[in-house]
There are 2 protein chains.
Amino acid sequence: MNIPKKIELIEVGPRDGLQNEPKAISTASKKELIRQLADAGFSRMETAAFVSPKWVPQMADADEISQFCNDLGITYIALTPNLKALERAIQANVPQIAVFIGASSTFNQKNINKTTDESLLETEKMFRLAKEQGIFTRAYVSMSFACPYQGNVSFEELNYVCRRFVELGADEIDIGDTNGYANPKIVYDRFARLKDLYPDTVFVGHFHDTRKMALANTLAAMQAGIDKFDSSIGGLGGCPFSPGATGNLATEEVALMLSEMGVETGLKLEEISKIVPFAKSLSSRLQPV
Amino acid sequence: MNIPKKIELIEVGPRDGLQNEPKAISTASKKELIRQLADAGFSRMETAAFVSPKWVPQMADADEISQFCNDLGITYIALTPNLKALERAIQANVPQIAVFIGASSTFNQKNINKTTDESLLETEKMFRLAKEQGIFTRAYVSMSFACPYQGNVSFEELNYVCRRFVELGADEIDIGDTNGYANPKIVYDRFARLKDLYPDTVFVGHFHDTRKMALANTLAAMQAGIDKFDSSIGGLGGCPFSPGATGNLATEEVALMLSEMGVETGLKLEEISKIVPFAKSLSSRLQPV
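Residues numbered from 1 in each chain as written. Chains lettered and ligands numbered in written order. Predicted model: local features only at pLDDT ≥ 70, side-chain atom pairs only at ≥ 80, totals over all residues. Heavy atoms only, no water.

Could you give me a rundown of the relation of the copies chain A and chain B, with the residues and numbers involved?
A rotation about some axis, followed by a shift along it, carries one copy of the chain onto the other. Take chain A, turn it by 180 degrees, move it 0.0 Å along the axis, and it overlays chain B with an RMSD of 0.0 Å. Such a combination of turn and shift is consistent with a two-fold rotation axis. Closest to the rotation axis within chain A is the C-alpha of A:Ala216, separated from it by 2.0 Å. Looking at chain A, 100% of its interface residues are interface residues in chain B too, so the copies touch through the same face. (Least-squares fit on C-alpha atoms with pLDDT ≥ 70 in both. Contact = heavy atoms within 4.5 Å.)

And the structure:
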C-alpha cells in the first residue's frame, strides 16, 4: 500500500465548520477554538470569511478573528469570494486567501449567481492582486464529483476549472466533495488523472462524511499521492446550498486513522480529542459527547 | 486502484448483530428480518448460534430459526462454539457452521476459558464431524489485530491460528477486527501476507466501526484481493466481552460504497435501505432513522 509518509491536515472548522451554523457563536468562543487547535499542533487553519454579515452573520467578525490569528502567529486562510472581500483581507493582513468555484455550472449559477467563466474572470483579477501582496492563494473546486442540482459532474467539467486555476497560478487547488457523493474509486481516478495532468500543482482533498465514505475517500486519495486534506474538528459543518451536505470529515477521526497508520501529521491526538466536546457544543446539529 | 469486480457481503445481523442485544427480540421479528434480508438479495446470512440459552437467551430459538431458514431455502451459517452445539446444528440440518478462536491467548482465556490450543483441539474434532456431514466450515479468528486485554496482537499470533485453521481444512477463514482497532495499513499488510502464505484459502474480512474506520479497512482489504466481507444491517451488534466494541460494519454503508464503485454484490440497495429502520428498532442502542 503506497501512501505518503507525511500528511498535512488543514483545520477548517472555525470557518467552513461554523460559517452556516444557525446558533450564534461569540467571537470569544471562536478565538478559544482557534487557540486550542493551534495548541494541538495545527500549522494552518481556515478561520474566517470576508463576506457580507447580512448574508453570513456568523462570519461578521472576520476582521477581529484575523487580527487574533495574526497576534497568535499562526498561518491561516480566509475565504474571499470577490475582489471587495480580498481588499478587506489585505487590510486585515491575511496571509492566505481562498476562492471557490463549482465544477458544476448549475451549482455556480444557483449558488453565486455567476457562470463559471464569470467567476474565473474575477478570480484572475483577485489572484493578480493577491500575488502582488505576497498572499498565498488557495483555489477550491466545489462539487468536484457530483452536484445536488445536476447529479454527476464529469471529469471534463472538473478539469475545466482546475486547468484555469493552474493557469492563474493558484498555490494550491482544493478538490471538494462538497455534498459527500464521491466514492473511493472516483476519488482515486480523478486525483490520479489530475496529478498526471498537472505534476507540479499542489492538490488538496476536501471530503464530506454525508454517506460515511470520508475516511475511505481520504485513503483512496492518499494512494493517488495526495498529502494535504481539509478536516473539521468534531465534524462541524456542511453546505446550506447543497441539500443533505452535512458533516465535514472529522479531524479527530482522520487524525486517529493517520496516526494508527504511522503517517506523520505533527498533531497531538490527545489534545485534539479534548477539543471535540467544546467544538460540538458550538453546533446546534452535533451533540457534545 | 486494483479491486475485485465482485464482492460477496455476508449478512451477520440476525446472529452477530442481535446475539448480545439486551432487549428481548421475538422469534417472529427475527424471521421477518431474515425474510426481508433474503428479499434484498443476500445469498448467505449468519442467522443463529447454538449456545446455552442460560448464557445467551437471545439465541434460544436457534432450532426454530434454522428450520425457518431451511424452509425459506437460503444458505445460512450457525455459530457452534463446541461439539455439543455442532450436534444440535446437525440435527437442525444447518448447511454452514462457524467456530471462533481469538488470535490473542488472553482473549481466549477470558472469553471462553480455554487456551488457544485447547480450542483448536475441539475445532479439529468439530471440523472432522462437520465434513462427514457435508457441512461447510467457517473459522473466525477474533481479535486479529488487537485485543482489549493485551493490546496489539502480532502477525505471528494471528498466523498461528490461521495456519492451524488451514491445516484443519476450514472452508473459509474470517479475519475479525472484533474490537474495531484495525487501520487500513495493518489490514492491507495482514491480508496481503495471509493471501501470500495461503494462496488457496478463502479469507473473509469482518470489521467493526468502533473508530469509524470500517469502510476504509474494507477498501484496504479489497486492495489485498479480499472479496468477501461480513456486514450487519443497521450496524447492529458489538461484542460484550470486548469493552467498547460496538457496531459492526453497517450493511447499508458498505453496500452503497461498493455499488458506487461499480463493484457487483447482487444486492438491491433500495430494499436494503428499507430494512434499516426495522433492524434498528430491534436494538436498544440504535435509534431508528
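We are not done yet, so read on.
Mind laying out the environment of A:Phe100, listing which residues take part and the relevant values?
All names here are of chain A. Positionally, Phe-100 belongs in strand S4 (residues 96–102). A relative accessible area of 23% means that Phe-100 is categorised as partly exposed. Sequence separation between Phe-100 and Val-204 is 104 residues, and the spatial gap between their C-alpha atoms is 13 Å. Ignoring anything within four residues of it in the chain, the contact list for Phe-100 reads Leu-79, Pro-81, Asn-111, Ile-112, Tyr-140 and Ser-142. (Helix = DSSP H or I, 4+ residues; strand = E, 2+ residues; numbered from the N terminus. Buried < 20%, exposed > 50% of the residue type's maximum accessible area, 1.4 Å probe, protein only.)

Break down the side chain of A:Glu172 for me, with residues and values.
Residue and element names in this part refer to chain A. Mapped onto the elements of the fold, Glu-172 is located in strand S8 (residues 172–177). Classification of Glu-172 as buried rests on a relative accessible area of 1%. Side chain to side chain, Glu-172 and Arg-44 meet in a polar contact 2.9 Å long. (Polar contact = N/O pair within 3.5 Å; in protein donor to acceptor, adjacent residues only side chain to side chain.)

Which residues make up the pattern of salt bridges, and what are the values?
Between side chains of opposite charge, a pair can form when the charged atoms approach closely. Here the structure, examined in full by the defined rule, presents 42 salt bridges over all chains. Note that A:Lys30 is salt-bridged to A:Asp61, the shortest N-O span being 2.9 Å. Taken together, the residues span a long stretch of sequence, with A:Lys30 in helix H2 (residues 27–39) and A:Asp61 in the loop between strand S2 (44–49) and helix H3 (62–72) at a distance of 31 residues. Across the pair B:Glu271 and B:Lys274 runs a salt bridge whose closest N-O atoms are separated by 3.5 Å. In this pair, B:Glu271 and B:Lys274 are both assigned in helix H11 (residues 269–281), 3 residues apart and thus about one turn of the helix distant. Taking relative accessible area as the criterion, B:Glu271 reaches 30% and is therefore assigned partly exposed. In this structure B:Lys274 comes out as exposed when scored by relative accessible area, which is 55%. Here the residues in one salt-bridge network are A:Glu8, A:Arg15, A:Arg44, A:Glu46, A:Arg138, A:Glu172, A:Asp174, A:Lys228 and A:Asp230, joined through shared partners. (Salt bridge = Lys/Arg side-chain N within 4 Å of Asp/Glu carboxyl O.)

Help me get a handle on the pairing of strand S3 (residues 75–79) of chain B, residues and values and all.
Residues and elements named next belong to chain B. Across the 5 residues that make up S3, a large majority, 4, are buried. Taken together, the 5 bridges between strand S2 (residues 44–49) and S3 define a ladder with parallel strand orientation. Looking at the pairing, Arg-44 lines up with Thr-75 of S3. With respect to chirality, the unit in which S2 leads through helix H3 (residues 62–72) into the neighbouring parallel S3 is right-handed. Where S3 meets strand S4 (residues 96–102), 3 bridges bridge the pair, whose relative direction is parallel. Bridge assignment links Leu-79 to a residue of S4, and that residue is Ala-98. (Pairing = 2+ DSSP bridges. Right-handed = clockwise from strand over helix to strand, strands pointing away.)

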